[in-house]
Amino acid sequence: MPNRLEITLKSNLFDAEGEGIRQKAKNYFGIDLSQVRTIHVVTIDADLSDEQLKKIQTEVFTNPVTQISSFEPLPVEFNWTIWVGYRPGVKDNPGSTAVEAMEDILGIKFGPNEAVYTSKRFCLKGKGLTAEDTDKIAGELLANDIIQQWKIISKEDWDPEVGIGFIIPKVRLDHIPTVITIPIDSDSTLKRISDERNLALNPNDIPIIRKYFLDENVQTARTKVGLSDPTDIELEYISQARSDHCNHNTFRGLFHYHDLATDNLEIVDNLFKTCIETPTLELKKKKSWVVSVLWDNAGVGRFDQDHYYVVTGETHNSPSNMEAYGGAITGIVGIYRDPMGTGKGSKLIMGSYGYCVGHRDYNGHLKPRLHPRRLLDGVIEGVRDGGNKSGIPTPFGQVFFNNGYMGKCLVFVTALGIMPDMVKEEPAEQKDISPGDLVIMSGGRVGKDGIHGVTAASESFSEHTPAGHVQIGDPYTQKKMHDFLLEARDEGLIKFITDNGGGGLSSSIGESAMFSNGCDIQLEKVPLKYEGLDQWEIWISESQERMTVAVRPEDLKRFLELSEKHAVESTVVGTFTDTGKLHITYNGKTCAYIDLDLLSSGFPQWEFDAHWQPPDKRGLFEPVIKEPVDYETLLKDILSRPNICSKEWISRQYDHEVQGTSVIKPLVGVGRDVNSDATVLRPVLDSNKGLAFSQSLMPTYSLIDAYHMTSCTIDEAVRRLLSIGANFEHIGGVDNFCWPNIQYNPGNNPDGRFKAAQLVRSCRALRDICLAYEIPLLSGKDSMYVDGHLPGRYGETHKISALETLQFSATSVIDDITKCITMDSKMPGDLVYVLGITRNELGGSEYYEHFGYIGLNVPKVMPDQFTPVYRALDHAVDKEIVASAHGVYRGGLGVHLSLMAMGGNLGMEVDLAKVPLDNVDRNDTILFSESAGRFIVSIDPQHKELFENIFRELPCTCVGKITEEPDFVVKGIDNKIIISVPVNDLKAAWKKPFKDLC
Amino acid sequence: MSEVNALVLAGYGLNCDHETAYAFELAGAEATRVHINSLINGDVKLEDFQIMVFVGGFSWGDDHGAGVIQAVRFKTNLGEKLQEFIDNGNLVLGICNGFQTLVNLGLLPGFNHDYSTRSVALTFNDCGNFRDDWVNLTVNSASPCIFTKDMDSLELPIRHGEGKFYSDESTIERLLNNNQVAIQYSMPDGKLANGAFPYNPNGSVLDIAGICDPTGRIFGLMPHPEAYNHPTNHPDWTRKKEELKRQGKAFEMSPTIGLRIFQNAVDYIQNS
């Protein structure tokens, strides 16, 4: 008989969780509640004695100082109560740890049919609270119907004996695993079955797949193992491997690029090869620090004589769009497995985030699944729990609001690791597999979760997208696995390792098997969360927190010993072979037998039409604005814009100093409240070397030209690094593309050809700027379907496509961290310089956006002109004569001079006439143009001569000074003061929009 | 000089083991990271150490109250050994999740040599969220706490969601009377924070950030001294360096005040 324990804080204690809900109900829905109290519910579906129940109640689940609990419903007052629990099969992390604790304290083992389920009950008090209000709070604040179920009960209907009853979300499949053979008598049959089974096979691939299975030799070989037509598991394997997510068909596609202005037609064959691979390999030859790129789960660069660093980044958009918390935590925990699966494995040292969402205060008529505000809350919390509970610092990140992301949000996650350069005298970045090595799955178990995640990520979101691919990452399980694998690595037990992410075992084993050229898998050995999964489901399930490892048979015993010590499950599920075949059996019967080289042979290249029309031909123009008069209010208003203002509430939720490595934090300055340009870690504790990291995204410029969007994004990431003192000679890049669908379709995607041209242009900019700045691309990923169809108010739907977006991450190694600098102004009397030329480049700027314009003159990156400035800044920082440095980014000089002043809580006097200019004669242009290649620097006046000598012949002028008087004073080009405002007022304006969030 | 051996716990979601071991090594100890299971199954013996550290992290995911399951596991499997360890005059340090574990084990407050009663708690921050920030701390010079000996104030990072120190009035009074309140959150000028956010980051009663047992040999604190193991960990170090430069002075790489807590522990063992 199940038992249900309710636990709550003593009534005299403040319920912070309840209070948070009360405030959100008020702020989000205008529902006034006088009180919300939270009750934690632990439902124990196991055969326990009263004595045992009492023991766990008092020793595990109830804190005698702060809590009360009861196996009867707790008499907490309410007008309405809401119960929220997980749906069957959703990962219940607290439920699993409850079992661990109970087994330990009671000295028992839970049987296969016994479990613990956690849920919550919220007791709401409020005058006139209605069922509708309560249901709204339940459905739009507390629960997401994809993963959770809820009940609302009024005070009148509440039975104090029964309470919420016993709700046991146990998975019962009552299903006998079955392999089904799929008929391939015609292309149309296979197409139909692909659609029915959600295989998402590309119609162009279907004839190739059929040809393979109809081949006489293939058929003969298959007959010998008892197979005829393809099985479901085989087609699922092919589908996963051929998906855009795994195979990057778009980037490897053939583009017919037509410049409509010049009528020039070009064929662009394979963007990946021409714009990413070739330039990176060229740079690898020049840069000895580049260790391993373009083949593994993450890129590898040299950190010091004995260590390598590892970096990669990806997105987790589709799941986050449906279940923000689950999607985001799965995303961050998932990206952490990539460095773990790079080379022979690395230790995680850092994560970062980038969120692109609709405006928090959106109140239009479109109805996204989750309101942007709720979505952002969930995403922030997901990355918080995923990062913090993994013990990995999250010291950098960014948020960008634009309603184009309401169709699908973007959740970028980036991970960095570190590894010794050698493991037991073998190069740590290398790995290989020999026939006879064992295939081991370590970590979590397999359930129905995440099935078809990869193929769903390769589709636009629609009402038919299966919800089952949303999961909840489990950082606790993964942290145990991380510690275990590092110990196994250091003992030399790991020959090969890769993670189970998209595509599950199908991808991880399928790709690993290429290294030995074959494998035999016994699928029944895979540990399951519950019985009844079909073979194909086991094979492609994306259940999280799993790695696939190749181990020599003689090392198995030790590997399993260590696994047990760390309380991690590891299971041998097969053997690597050199037969050229992927051979899967289930209880001795073959269910898949495929030639591994099928995937590399004969599948057609994807093709795209790309039509480019330059911005002026598309009707873009510079708006006609006469100069403003009230610059003070204007500056404050720009500082308060959502894409400029402080987002301190997010940074502070993320542990950015675990591991004890923090050198430059996300928030700097006297008040520790202004964003740093970049972050720096000291990943090897007994060394003064630093690893610097920055990120940038500026999708607004895509409204004009994705070429310049891309070049400006890279330039910003580079300047961010240089501003904290990083080394321009060592910069590594990670490109993360998020693009709307580029396949032209007159009905569904009428501007597909334009978006395709934008992609081509973006990739070309990536190539051009990376070559110019000598940035090898250590890693990169693409997510190609950032579109959604949202219902409007009349029952119609609207296709919403995101701006073409590139997130660029940059890394650098710093020889001596004590030479790092921060962006905050340091001393009154310090001289303020602007480096780089300000041009009339307001196109796509925050200033224009403030007035509802786009404009035409988008900022351009000119590496030949910028590079000498960058090297000079490097030199000045190395000489330790720079007191502070800060790049000029979105919002222009007006915003970024203000930020430097705010950082030091000091005043600043600036003369705009002295700013290095090119054809600019207006104060608003100088203040808000977003020209690339610029910095603001402050120095001790005694270094004036030395500093100016370093920048001789370069655009660098002293524009003013830091002042004791805490005012921000700007003199316009006509010699009149146009701004004179206390720096504190600017800071207040900058903090205002989100100041109530914490 | 006798060798000082520090046992630094690891595993099951703990995550500050590397830097805590590093901090002890800087203080001159031999620090060993030990998986909880290695201690339970006897591969590693507690009696080989003089200092034991419950480090920060999320033990067992902290799903049922921070530090609760770790405490249960220790009580069930190592209760007596731990008691012996304490009786032998050794030192126990609990940082963040470790502090939460110590109060759930009842090692703290440890009134009248009772090391098993739970009478204080660390519960959810009043701000309702996990928070990472640096705080000012005032040290109670009258406290018997070994770890904070000869210190008067310091700055350290806090990083937690459940750090609000709570107990009933009589217990708090007893802690005060015994000078077991070793460190308290304070304002930059040294005055107690008096509950003011963010100086008191979590709503702790009486701004309590760390307490010791009556002997001063068991100490738990929410802030992370091991995360201030290098001068560049401090949020103001670039400003400090610039100020020193203007005075013609170099930025010194001397041991941080965070390390003093570890140094005091090592010195105590060496001198006892």
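Keep in mind it's a predicted model, so treat the numbers as computed, not measured.

S.K.: Help me understand the nonpolar core, please; the structure alone is not making it clear to me.
M.R.: Side chains of nonpolar character tend, in soluble globular proteins, to be buried together. Residues A:V680, B:V8, B:I51 and B:A265 are the most contacted members of the largest nonpolar core, which totals 372 residues. The element contributing the most residues to this core is helix 22 (residues 752-773) of chain A, with 11 residues. Leave out the neighbours within four places in its chain, and B:I51 touches B:V4, B:A6, B:L7, B:A29, B:N90, B:L91, B:L93, B:A265 and B:I269.

S.K.: Please clarify how the interface of chain A and chain B should be interpreted in this entry.
M.R.: For interface size, the figure often reported is the accessible area lost on association. Taken residue by residue, the interface counts 56 residues in chain A and 56 residues in chain B. For the side of chain A that touches chain B, the secondary structure elements donating two or more residues are helix 1 (16-29), helix 2 (50-61), helix 3 (93-106), helix 13 (372-388), helix 15 (475-490) and strand 25 (662-664) of chain A. Broken down by element, the residue count for the side of chain A that touches chain B peaks at eight residues, all from helix 3 of chain A. A per-class count over the side of chain A that touches chain B returns 22 nonpolar, 15 polar and 19 charged.

S.K.: Would you mind going over helix 4 (residues 97-105) of chain B with me for this structure?
M.R.: An α-helical turn contains 3.6 residues, so any two residues separated by three or four positions project in the same direction. Residues and elements named next belong to chain B. By the criterion of burial, helix 4 is predominantly enclosed, with nine of the nine residues buried. Within helix 4, the full set of buried residues consists of N97, G98, F99, Q100, T101, L102, V103, N104 and L105. Where helix 4 is buried, its residues contact strand 3 (51-54), helix 3 (68-87), strand 4 (91-95), strand 5 (121-123) and strand 11 (218-221).

S.K.: So what exactly am I meant to see when it comes to the domain arrangement of chain A here?
M.R.: Along its sequence, chain A is carved into domain 1 (3-154), domain 2 (187-247) and domain 3 (634-645 + 821-998). Computed over C-alpha atoms, the centres of domain 2 of chain A and domain 3 of chain A are 59 Å apart.

S.K.: I would appreciate a short explanation of the pairing of strand 21 (residues 570-576) of chain A in the present structure.
M.R.: Along any regular strand, the residues point their side chains to alternate faces of the sheet. Residue and element names in this part refer to chain A. Sheet topology note: the strand 17 (residues 438-443)/strand 21 ladder contains five bridges and is antiparallel. By the bridge assignment, V439 is partnered in strand 21 with G574. Sheet analysis places strand 19 (residues 519-522) next to strand 21, joined by three bridges and oriented antiparallel. Residue pairing in the sheet places D520 in a bridge with T575 of strand 21.

S.K.: Looking at this structure, I do not really get the confidence of the model for chain B. What am I missing?
M.R.: Caution applies to low-pLDDT parts of the model: their predicted coordinates are not meant to be read in detail. When pLDDT is averaged across chain B, the result is 96; 99% of the residues are at 70 or more. Across the assembled chains, the prediction reports ipTM 0.97 with pTM 0.96.

S.K.: I'm lost on the packing of helix 21 (residues 706-723) of chain A against helix 22 of chain A in this one. Help?
M.R.: Between two packed helices, what matters for the description is the angle formed by their axes and the separation of those axes. Residues and elements named next belong to chain A. The interhelical angle for the contact between helix 21 and helix 22, taken along N-to-C directions, is 35 degrees, at an axis separation of 7 Å. Crossing hand, helix 21 versus helix 22: right-handed. Along its contact with helix 21, which presents A706, Y707, M709, T710, S711, I714, D715 and V718, the element helix 22 presents Q758, R761, S762, R764, A765, L766, I769, C770 and Y773. Taken together, the residues of the contact of helix 21 with helix 22 break down into 10 nonpolar, four polar and three charged.

S.K.: For this particular structure, what's the right way to read the confidence of the model for chain A?
M.R.: The predicted model of chain A has a mean per-residue pLDDT of 95, with 98% of residues at 70 or higher. Taken as a whole, residues 461-467 of chain A scores under 50 in pLDDT and shows 12 contacts with residues more than four places along the chain or in a different chain.

S.K.: Help me understand the sheet that holds strand 3 (residues 67-70) of chain A, please; the structure alone is not making it clear to me.
M.R.: Strand pairing within a sheet occurs via backbone hydrogen bonds; the two strands may be parallel or antiparallel. Residue and element names in this part refer to chain A. Reading across from one edge, 3-1-2-5-4-6 is the order of the six strands in this open sheet, with antiparallel pairing throughout. The sheet terminates laterally at strand 3 and strand 6 (148-154), the two strands that pair on one side only. Between one strand and the next, the sheet's axes are offset by a mean angle of 20 degrees, whatever the strand orientation. Along the sheet, helix 2 makes contact with strand 1 (3-9), strand 2 (35-45) and strand 3, crossing strand 1 at roughly 30 degrees.

S.K.: Would you mind going over the sheet that holds strand 19 of chain A with me for this structure?
M.R.: Residues and elements named next belong to chain A. Across the sheet, seven strands lie side by side as 18-20-17-21-19-22-23; this open sheet has mixed pairing. Edge positions in the sheet fall to strand 18 (496-499) and strand 23 (589-595), since each has one partner strand and no second. Across the sheet, the axes of successive neighbouring strands diverge by a mean angle of 25 degrees, strand direction being ignored. Sheet topology note: the strand 17/strand 20 (residues 546-551) ladder contains six bridges and is antiparallel. Within the sheet, the bridge partner assigned to G443 lies in strand 20 and is R546. The strands touched by helix 18 (residues 556-565) within the sheet are strand 17, strand 20 and strand 21, with strand 21 carrying the most contacts at an inclination of about 150 degrees.

Criteria and thresholds
- Residues numbered from 1 in each chain as written.
- Chains lettered and ligands numbered in written order.
- Predicted model: local features only at pLDDT ≥ 70, side-chain atom pairs only at ≥ 80, totals over all residues.
- Core = buried A, V, L, I, M, F, W, Y, C linked by C-beta atoms within 7 Å.
- Buried ≥ 20, exposed ≤ 12 C-beta atoms within 10 Å, placed from the backbone.
- Helix = DSSP H or I, 4+ residues; strand = E, 2+ residues; numbered from the N terminus.
- Contact = placed C-beta atoms within 7 Å.
- Nonpolar A, V, L, I, M, F, W, Y, C, P; charged D, E, K, R; others polar.
- Domains from an automatic or database assignment.
- Pairing = 2+ DSSP bridges.
- pLDDT = per-residue confidence, 0-100.
- Axes fitted to C-alpha atoms, helices over the stretch in contact; angles between N-to-C directions.
- Left-handed = near helix turned anticlockwise from the far one by under 90°.

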